Every structure is written in C-alpha cells, then in structure tokens.
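Given next are the chains, with one letter for each unit.
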Amino acid sequence: QVQLVESGGGLAQTGGSLRLSCAASGRTFSSLAMGWFRQAPGKERESVTTISWSGGSTYYSDSVKGRFTISRDNTKNTVYLQMNSLKPEDTAVYYCAAARRGIVPSAPSRYDYWGQGTQVTVSS
C-alpha cells in the first residue's frame, strides 16, 4: 500500500508560479511511476505529466508542455510539479498518483494509488 499526500496548492495570478509536492510512504517509492493529474469542475480527470521510476522518462500533456516540470527525489520519496506561466485554465484540483507498472503511463486508469488532491486556482 502507498499513501500519497500533496501540498503546495493555492492561489496564483496569471503568469505566476506554484510548486506542488507529493510525499509518498509505504511501498518502495523508487519502483513506482508517478503522475500528476487534474480535474476541473464539470470535467473529467486528465493527465498533466508523468515520470518514470528513475526519472529518466517523462510525459507532458500538450496543454502544459514548456510551462510545467515534473521531477522526483527518490531519497526523499517525493515528486514535484513546478508550474510556471500559469493560466486561468490551469485552475483545478491537482492529484498525485502512483503506478506499479508502466514507464510513463498517462491514463488515470493505469494508476493504483491516489492522493487526496490539492486545489490550484489561477486568477485572471
């Protein structure tokens, strides 16, 4: 079992930055692919970015490519999401998730463990 706890959400202005963190406990963190997902009101949960167990492979959705950066520190059992050049359409609840299989799976259905989510609001 893996427990995931997100932090770092909040309010930002358009063009601003936020950094999300996700601390993991339980199963060996370094064996898991990790991902960030988001869900806006009335919309389906969508993949934002994912990273392989080693950090050597990453995936970014087109909507965040060039603005967001995912990273992980396996010594701290933590994955990060640096969000720059924020836009109002980035407003959503952001979830951290862990997958036991796959390199950089992007579909939410591929993930086995989920955090509780953290709200990110970008004002225009």
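The structure presented is a predicted model; accordingly, all values stated were derived computationally and were not measured.

1. Quick word on the packing of aromatic side chains
Part 1 of the argument: Enumeration according to the criterion identifies 4 aromatic pairs in this entry.
Part 2 of the argument: When the centroid spacing of 4.9 Å and the interplanar angle of 55° are considered together, the rings of phenylalanine 37 and tryptophan 114 count as tilted. With phenylalanine 37 in strand β4 (residues 33-39) and tryptophan 114 in strand β10 (residues 113-114), this pair connects stretches of sequence that are 77 residues apart.
Part 3 of the argument: Owing to a relative accessible area of 0%, phenylalanine 37 belongs among the buried residues under this scheme.
Part 4 of the argument: Among the aromatic residues, ring-to-ring pairing joins Phe37, Tyr95, Tyr111 and Trp114 into one connected group.
Part 5 of the argument: The ring of tryptophan 114 has arginine 45 sitting right over it, with the charged end atom 4.7 Å from the ring centre.
Part 6 of the argument: Lying over the aromatic face of phenylalanine 29, arginine 72 brings its terminal NZ or CZ to 4.4 Å of the ring centre.

2. Comments concerning the state of the cysteines
Part 1 of the argument: Taken as a whole, this structure holds 1 disulfide when the rule is applied.
Part 2 of the argument: For cysteine 22, the disulfide goes to cysteine 96, at an S-S distance of 2.1 Å. Residues cysteine 22 and cysteine 96 are joined through a disulfide that is left-handed, its torsion about the S-S bond being -75°. You can see cysteine 22 sitting in strand β3 (residues 18-26) and its partner cysteine 96 sitting in strand β9 (residues 92-99), a full 74 residues away along the chain. The burial state of cysteine 22 is the same as that of cysteine 96; both residues are buried.

3. Some thoughts on unusual backbone geometry
Part 1 of the argument: Non-glycine residue asparagine 77 carries a positive phi angle of around 55°.
Part 2 of the argument: The residue asparagine 77 is located in the loop between β7 (68-73) and β8 (78-83) in this model.
Part 3 of the argument: Its identity is not glycine, yet serine 85 carries a phi of approximately 50°, on the positive side.
Part 4 of the argument: With respect to the helices, strands and loops of the structure, serine 85 is situated in the loop between β8 and β9.

About the thresholds
Residues numbered from 1 in each chain as written. Predicted model: local features only at pLDDT ≥ 70, side-chain atom pairs only at ≥ 80, totals over all residues. Heavy atoms only, no water. Phe/Tyr/Trp six-rings, centres within 6.5 Å; stacked < 30°, edge-to-face > 60°. Helix = DSSP H or I, 4+ residues; strand = E, 2+ residues; numbered from the N terminus. Buried < 20%, exposed > 50% of the residue type's maximum accessible area, 1.4 Å probe, protein only. Lys NZ or Arg CZ within 6 Å of the ring centre and 35° of its normal. Disulfide = S-S within 2.5 Å.

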